[in-house]
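One letter stands for each residue in the lines below.
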Amino acid sequence: MSTQIPRFEDDFGSTYLLVKPGTFVMGNMSINSPRRESPSRNVNITEPYFFGQMQVTQLHWQSVMGDNPAKFCEGWSAGLRPIENVSWDDAQLFVDKLNAEHNDSLRLGLRGIWRLPSESEWEYAARADTITRWSFGDRDSDLDEHGWHAGNSGASTREVGQKKANQWGFHDFHGNVSEWCLDDWCDDYSDAPSDQSAMKNSESNRKVHRGGNWFTESDSTRCSARGSSQQNISKDGIGIRLVWQPN
């Protein structure tokens, strides 16, 4: 994707980049893949969407919700750190309020809605046309230049956007905070959709989150790495990144 890719800023200073349709291999193609990341499969992204260039910050959350539940909220730069300590249910309330109160403007001549990404939309943007373990390659020795993890975070979240962007212009997919997705948790991809829709599992009260975080080791920040948590539980390692879906 070129640097001239369509983008817009919301009312809170966050930038959203267009993600164009395409096909990619989702999951872990290694013969030693963990069950939860397999079987790998071709996924078709048929509908374009705008994705947050960075994770939702504490300032963004507080401006919408009027509170700041984050653990790491001390210091002058805390507002630029990602929101965390929010459950999946909290994230849905945030999205609902955004759509109800902050979605009157046309964006690039279009109307749309805010939402969380599906797991396939998340991995598609994180990979950015690559098939390596991380968007930057296969060597975890290069991770420090691209993400915050247990080895370099200083036991805390850090301000968004400080590390190198991936090839499509997105920051912090590898660490800082893990990001809630729309999908219900399933133990593997045996019955997963082959399009960008979210996985549904009526027997699960757990939701997917992606990307690893400030206290996880490098392996958890890979493009195909997956995590889950109960949807009503908040943790200081899980935050959100927004999709804006044109109608």
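Shown above is the structure to which this text applies.
Residues numbered from 1 in each chain as written. Predicted model: local features only at pLDDT ≥ 70, side-chain atom pairs only at ≥ 80, totals over all residues. Heavy atoms only, no water.

### Quick notes on the environment of K235
Convention followed: Under the DSSP-based scheme used, a helix requires at least four consecutive residues in state H or I and a strand at least two consecutive residues in state E, with every element numbered from the N terminus. The criterion used for residue contact is that any of the two residues' heavy atoms lie within 4.5 Å.
Tracing the backbone through its elements, the reader meets K235 in the loop between β9 (226-230) and β10 (238-239). Each C-alpha atom of the pair K235 and N68 lies 14 Å from the other, and the pair is 167 residues apart in sequence. If near-sequence neighbours (up to four positions away) are discounted, K235 is found in contact with E84, N85, V86 and S229.

### Section: the side chain of S33
Stated formally: Buried residues are those whose accessible area, probed at 1.4 Å on protein chains only, stays under 20% of the maximum for their type, while exposed residues exceed 50% and partly exposed ones sit between those limits.
Assignment of secondary structure puts S33 in the loop between β3 (22-26) and β4 (41-45). By relative accessible area, S33 is classed as buried at 17%.

### Quick notes on helix α2 (residues 88-101)
Note the following rule: For a helix, the expected span equals 1.5 Å multiplied by the residue count minus one. Note that the arc is defined by the directions from the helix axis to the C-beta atoms. Pairs of N or O atoms within 3.5 Å make up the polar contacts considered here, provided that, within protein, one atom can donate a hydrogen while the other can accept it, and that residues adjacent in sequence are counted only when both atoms are side-chain atoms.
When the terminal C-alpha atoms of α2 are compared, their 20 Å separation across 14 residues agrees well with the 20 Å that a helix rising 1.5 Å per residue should span. Among all positions in α2, only W88, A91, F94, V95 and L98 are buried. The buried residues of α2 occupy one face: seen down the axis, they fall within an arc of 110°. Residues L93 and A100 are exposed on α2 and point more than 90 degrees away from its buried face. Tucked inside the fold, the buried residues of α2 contact α1 (58-65), β6 (112-115), β7 (178-184) and β8 (206-210). N-cap assignment for α2: the residue whose side-chain oxygen lies 3.3 Å from the backbone N of D89 is S87.

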